[in-house]
Amino acid sequence: MVNITINRSTIELVEGDITKQETGAIVNAANPGLLGGSGVDGAIHKAGGPQIQEECRKLGGCPTGEARITTGGNLKARYIIHTVGPIYHNGKQQEAELLSRAYRNSLNLASQYKLKSIAFPSISTGAYGYPVDAAAKIAIKTVMDYINTHTDIELVRFVLFDQRSYQAYKKALEELIEQK
Ligand code: AR6
């Protein structure tokens, strides 16, 4: 586990399962239909129960880079923020901007709901194929920029599912801190 405080907020990196988090919200790496899928999306719907799918159905989808919110169902987290990262093609289809927007819009929603803590998975780096080293830099940089200008969210935790992803985020965090 790594953590660092910037401005009034802590960024934390842990290796683990996002469905077990007790943060105010956990973020789901969803698809534009919001009707469930594999990976972290499948795990969240499975652990949260069928009512999440019911709430998602009423939302009518979510464009790439945007975010929507539902309750946490049976999860410990009070809310689930569903965001849609980009599918990685060649890096020239605005993937970086769309990935950054997915993080930023999720943080904005957490602020709107007055949440003090939020947990993110590594958006887009599974089925959507975003190279994890590049994605980690964008994720951490976007969160750093946000907490430098907003003080309401006290804890932003990245929950990385495997050692490879954890190491990529740790490296990105260390490099971005050095540049400050
Ligand atoms: N906790 C934390 N991270 C997890 C968990 C978990 N329980 N399970 C998987 N991961 P992915 P994407 C990691 O494919 O690339 C879905 O079908 C996983 O190891 O879940 O944004 C959606 O419906 C990887 O590091 O999301 C979309 O269609 C990371 O989460 C599509 O996949 C993201 O992998 C979204 O693809």
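First things first, this report covers the structure right here in the doc.

Reading the values: rules and limits
Residues numbered from 1 in each chain as written. Predicted model: local features only at pLDDT ≥ 70, side-chain atom pairs only at ≥ 80, totals over all residues. Heavy atoms only, no water. Helix = DSSP H or I, 4+ residues; strand = E, 2+ residues; numbered from the N terminus. Rg over C-alpha atoms; globule rule 2.2 N^0.38 Å. Buried < 20%, exposed > 50% of the residue type's maximum accessible area, 1.4 Å probe, protein only. Contact = heavy atoms within 4.5 Å. Near = heavy atom within 4 Å. Polar contact = N/O pair within 3.5 Å; in protein donor to acceptor, adjacent residues only side chain to side chain. Areas by Shrake-Rupley, 256 points an atom, 1.4 Å probe, with all protein chains shown as cover. Nonpolar A, V, L, I, M, F, W, Y, C, P; charged D, E, K, R; others polar.

1. Focus on the overall build of the protein chain
1) Next: When its secondary structure is counted, the protein chain shows five helices and seven strands.
2) Next: Along the protein chain, from the amino end to the carboxyl end, the secondary structure elements read β-β-β-α-α-β-β-α-β-α-β-α.
3) Next: For 180 residues, the compact-globule estimate of 2.2 N^0.38 gives 16 Å, and the protein chain sits close to it at 15 Å.
4) Next: For the protein chain, the spread of C-alpha atoms along the principal axes amounts to about 45 × 35 × 30 Å.
5) Next: Per-residue burial over the protein chain gives 50% buried out of 180 residues.
6) Next: Sequence-distant contacts in the protein chain: of pairs separated by 6 or more residues, those separated by 24 or more amount to 69%.

2. Quick look at unusual backbone geometry
Trans peptide bonds make up the majority, and among non-glycine residues the majority have a negative phi.
1) Next: Look at Asn7: it is not a glycine, yet its phi comes out positive at around 55°.
2) Next: Within the fold, Asn7 resides in the loop between strand E1 (2-6) and strand E2 (9-15).
3) Next: Since its relative accessible area comes to 43%, Asn7 is described here as partly exposed.
4) Next: If you check the backbone angles, Leu34 has positive phi at about 55° while not being a glycine.
5) Next: Among the secondary structure elements, Leu34 is positioned in the loop between strand E3 (25-29) and helix H1 (39-48).

3. Section: the site of the ligand
1) Next: Within the structure, the ligand sits among 23 residues, and Asn31, Ser38, Val40, Asp41 and Ala127 are positioned closest to it.
2) Next: In the model, an oxygen atom of the ligand is placed 2.7 Å from a nitrogen or oxygen of the Asn31 side chain.
3) Next: Asp41 places a polar side-chain atom, nitrogen or oxygen, 2.7 Å from an oxygen atom of the ligand.
4) Next: Surface burial for the ligand is 89%, taken as the share of its 700 Å² of free accessible area covered by protein chains.
5) Next: Ranked by residue count, the leading element in the shell around the ligand is H1, at four residues.
6) Next: Here the shell around the ligand is built from residues that sort into 10 nonpolar, 10 polar and three charged.

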